[in-house]
Amino acid sequence: MVIVLKKDISDIYKSELRNFLKNNNFIVNEIVGEESTVFAAVGKLTIDYREVEILPGVDRVIPISKPYKLASREFKKENTIIEIPNNRGQIIRVGGSRLVSIAGPCAVESLDQMMSIAKRVVESGAVMLRGGAYKPRTSPYAFQGMGVEGLKILKEAGNAYGLPIVTECVATEHIEGMEKCGVDVYQIGARNMQNFELLKRVGALNKPVILKRGISATIEEWLMAAEYLLSSGTESVILCERGIRTYEKATRNTLDLSAIPVLRSLTHLPIIVDPSHAVGIRDKVAPMALAGIAAGSDGIIVEVHCNPDKAMSDGAQSLYPEQFEKLMRDIDVLAPVVDREVSRIRIYNDGAKKESKIDKFSSDKVICAYSGTRGAFAEQAINHYFENKVQSLSLSSFRDVFMAVHSGKADYGMIPIENSLAGSVYENYDNLLRFDDISIVGSIKLRIEHTLLAKDGTTVDSIKTVFSHPQGFAQCSEFLSQHPQWNLVECISTANAASDVAKKDSTTHAAIASSKAAAPNNLCVIKTGIEDNPRNYTRFILISHKDFAKQIEFDKEDLICTIAFSTKNEPGSLYKCLHILQSAELNMSRLESRPIAGQPWHYMFYVDVNISKTKKEQGVLDLAIENLSKQSEKLRVLGIFEELN
Ligand code: PEP
Ligand code: MN
């Protein structure tokens, strides 16, 4: 049963309750959740649960009807997120907002093989390296794995690329050697799913475990196997659907995709899919991997080999590295459809990362990404902010900028957040929330002057089609209303609009963009200052990885803190939140709300508060944030930063 404790339960009542349950032969686990603290009491229900309900400090008791307890959703409402650190201080999370891909060969064969495959899979987007050192083969004459030697090779290759390693444990006597070699994730293979002695020993290691579904196991039997692991000590079990034996012979096994949504409601544990062992045929792997993600899995584990035709096991189902790369690109496209982002191992850019503190003007090795082509306003913002001292990296969407910062391809990203005429750039508010390892580290306001650009010889009268970003059109609406016959074509940025016009050899096309986009595109300025109001400013924010945000030292006295929070759905809840800021005498300079994806009529609020460095050092902000987090449902500090003028 699950015993939900009252919020204000005293320590004495807590320990009395624990003793009462122990005396009645229950094993008690305390779980501190986001919403409440619960005791999970596992054991045979020999007493009437109402006897527990009347004990002091108990809010309510929920009897668990399923034979598995610790694995059940009744026991724990929120999804379990498993954290696996790599050797570079990054934490890979399985079960959260990011999809994870685990890749590598079926078996470790040599150091060369592992080093070359690790390089290829990490470049494509894998976040963990797989490889068997002990292979449970159908035939005793087939390759059985390299044993401890293989584990050492796997670890060496994983460490070289920042990839935690996943490998199968087939027997209890191998555990000690596996621990010594630093195995990050223990895999229990399909054939061993019900090897209960093995489950108990591996569970007791308190390490993350991937539990494959047995070849003919029901979902309930599978969850009972997970229960063995959980009740032995570990809290980190990842379920892996890898196909079950059916009458169908066209594929090696039948990937039971429906198990994913079924498991979602039964358990809080993360779920991944192994399409390789499910289908057993190389060209069927990628479609089933994508199907697994579409069905709601938290990631995939796939076999990839640089030379599958020579592989010592499962070559026929191993992808070529190029096929894995294509699969990862497709997953990138699919991720937003299932409301996820894709996890990546951070690459280290020697330029910026070796500096002990972030120096805004450090060197030309620092890379700052933006969305758009050369001459985009964001590129100008970068040049202003960094005084032309960094390299700018042109990408094709705001999401790509966030991904580049997340993966380490760029040290910073410069993205627009608000325009004084056209309002907020909502997409970037959503991106800030989705990428929880990214912080705002600076901001800059840029005056936006729009010009009409076109090929030499073009006049206002010869123009028929105008290209720009929707914001460009919105900010020049009065000028455009004088030319209602013009065809307006939207582009991903104003700079792209200029390069599109450059490609047309005609005097009927023009672009609304910055005058800075004229020269690189060989265009002439037909008209300047066409924005509705000369006081047209865009505020850009500079984003960076959270780890770097922590190192920033502020030069200015005036700082801005951006906080995102959602309120409880009850009268006056927003008022109560804002009241906290008022009581702390924090000036709120901006308030924005956005609907929360998938939760109609629930809103996320974004506030900017001004805070002096001195007040921050006195802890005023920390206290206000602490109070605000108690009053709100979810809260995230998106960044504390200074604004350059
Ligand atoms: C493996 O992942 O290498 C493996 C043997 O898988 P399964 O246990 O699912 O057959
Ligand atoms: Mn295999």
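Residues numbered from 1 in each chain as written. Chains lettered and ligands numbered in written order. Predicted model: local features only at pLDDT ≥ 70, side-chain atom pairs only at ≥ 80, totals over all residues. Heavy atoms only, no water.

## Some remarks on the coordination of the manganese ion (ligand 2)
Ligation of the manganese ion (ligand 2) by protein atoms is provided by Cys106 (SG), His277 (NE2), Glu303 (OE) and Asp314 (OD), these donors lying 2.0 to 2.4 Å from the ion. Coordination of the manganese ion (ligand 2) draws on donor residues from a single chain, spaced C-x170-H-x25-E-x10-D in sequence. Of this pair, Cys106 sits in the loop between β7 (98-104) and α3 (111-124) while Glu303 sits in strand β14 (residues 299-303); the two residues are 197 residues apart in sequence, bridging distant segments of the chain. A single burial state applies to Cys106 and to Glu303, both of which are buried. (Donors = N, O, S within 2.8 Å, 3.2 Å for Na, K, Ca; no water. Helix = DSSP H or I, 4+ residues; strand = E, 2+ residues; numbered from the N terminus. Buried < 20%, exposed > 50% of the residue type's maximum accessible area, 1.4 Å probe, protein only.)

## Things to note about the site of ligand 1
Neighbouring ligand 1 are the residues Arg130, Lys135, Glu168, Gln187, Gly189, Ala190, Arg191, Lys212, Arg242, His277 and Glu303. Interatomic distance of 2.8 Å between a side-chain N/O atom of Lys135 and an oxygen atom of ligand 1. In the model, an oxygen atom of ligand 1 is placed 2.7 Å from a nitrogen or oxygen of the Ala190 main chain. Contact with the protein chains covers 97% of the free accessible surface of ligand 1, which is 300 Å². (Near = heavy atom within 4 Å. Polar contact = N/O pair within 3.5 Å; in protein donor to acceptor, adjacent residues only side chain to side chain. Areas by Shrake-Rupley, 256 points an atom, 1.4 Å probe, with all protein chains shown as cover.)

## Let's talk about the nonpolar core
Core analysis: the biggest nonpolar cluster contains 119 residues, and Val121, Leu129, Val202, Leu211, Leu239, Phe324 and Ile543 have the highest contact counts within it. Ignoring anything within four residues of it in the chain, the contact list for Phe324 reads Ser101, Ala103, Val121, Ser124, Ala126, Val302, Val304 and Leu319. Ala378, Cys577, Leu581 and Val609 belong to the second-largest nonpolar core, a separate cluster that totals 40 residues. (Core = buried A, V, L, I, M, F, W, Y, C linked by side-chain atoms within 4.5 Å. Contact = heavy atoms within 4.5 Å.)

## A few points about the packing of aromatic side chains
Within this structure, the stated rule accounts for seven aromatic pairs. Ring centres 4.6 Å apart and planes at 65° place the aromatic pair Tyr429 and Tyr606 in the edge-to-face group. Of the two residues, Tyr429 sits in helix α15 (residues 426-434) while Tyr606 sits in strand β29 (residues 599-612), which places them 177 residues apart along the sequence. Across the pair, Tyr606 and Tyr429 agree in class, each one buried. A centroid spacing of 5.8 Å and a plane angle of 65° characterise the contact between Phe479 and Trp486, whose relative ring orientation is edge-to-face. In this structure, Phe479 and Trp486 share a single accessibility class: buried. One aromatic cluster is present, formed by Tyr385, Phe386 and Tyr412 through successive ring pairs. (Phe/Tyr/Trp six-rings, centres within 6.5 Å; stacked < 30°, edge-to-face > 60°.)

## Quick word on the side chain of Ser407
Along the chain, the position of Ser407 falls in helix α14 (residues 398-407). Reaching out from Ser407, the side chain makes a polar contact with the backbone oxygen of Ala404 at a distance of 3.3 Å. Excluding its chain neighbours within four sequence positions, the residues that come into contact with Ser407 are Arg344, Ile345, Arg346 and Ile347.

## Considering the domain arrangement of the protein chain
Interface size is often expressed as the accessible area that is lost when the parts come together. Examined at the domain level, the protein chain breaks down into domain 1 (2-62), domain 2 (96-342), domain 3 (451-535) and domain 4 (556-645). Averaged C-alpha coordinates put domain 1 and domain 2 at centres separated by 37 Å. (Domains from an automatic or database assignment.)

## Overview of the sheet that holds strand β22 (residues 465-468)
Strand pairing in a sheet relies on backbone hydrogen bonds. The paired strands run either parallel or antiparallel. Strands sit in the order β23-β22-β24-β21-β25 across an open sheet of five strands; the sheet is mixed. What marks the edges here is a single partner per strand, and that holds for β23 (487-490) and β25 (524-527). The sheet shows a mean angle of 35° between the axes of neighbouring strands, direction not considered. Relative to β25, strand β21 (residues 451-454) runs antiparallel, the two sharing three bridges. Residue pairing across strands places Leu453 opposite Val525, the latter belonging to β25. Contacting β21, β22 and β24 (509-513), helix α18 (residues 494-503) crosses the sheet at an angle of about 160° to β24. (Pairing = 2+ DSSP bridges. Axes fitted to C-alpha atoms, helices over the stretch in contact; angles between N-to-C directions.)

## Brief notes about helix α13 (residues 377-385)
With seven of nine residues buried, α13 lies mostly within the body of the structure. Every buried residue belonging to α13 is among Phe377, Ala378, Glu379, Gln380, Ala381, Ile382 and Tyr385, and all of these are buried. Positioned one or two residues after α13, Glu387 has a phi angle of 50°, which is positive.

## Comments concerning the environment of Arg137
Note that Arg137 resides in the loop between β8 (128-130) and α4 (148-161). Since its relative accessible area comes to 28%, Arg137 is described here as partly exposed. Counting along the chain gives 358 residues from Arg137 to Ala495, while the straight-line C-alpha distance between them is 58 Å. If we ignore the near neighbours within four places in the chain, the residues touching Arg137 are Ala142, Phe143, Gln144, Met312 and Ser313. Looking at Arg137, its side chain comes within polar contact range of the main-chain oxygen of Phe143, at 3.1 Å.

## A look at the pattern of salt bridges
Evaluation of the coordinates by the stated rule reveals 40 salt bridges. One salt bridge in this structure joins Arg50 and Asp48, with 2.9 Å as the shortest N-O distance. You can call Arg50 exposed: its relative accessible area is 52%. Judged by its relative accessible area of 33%, Asp48 is partly exposed. In this structure, a network of salt bridges that share partners links the residues Glu418, Lys445, Arg539, Arg590, Glu592, Asp608 and Glu643. (Salt bridge = Lys/Arg side-chain N within 4 Å of Asp/Glu carboxyl O.)

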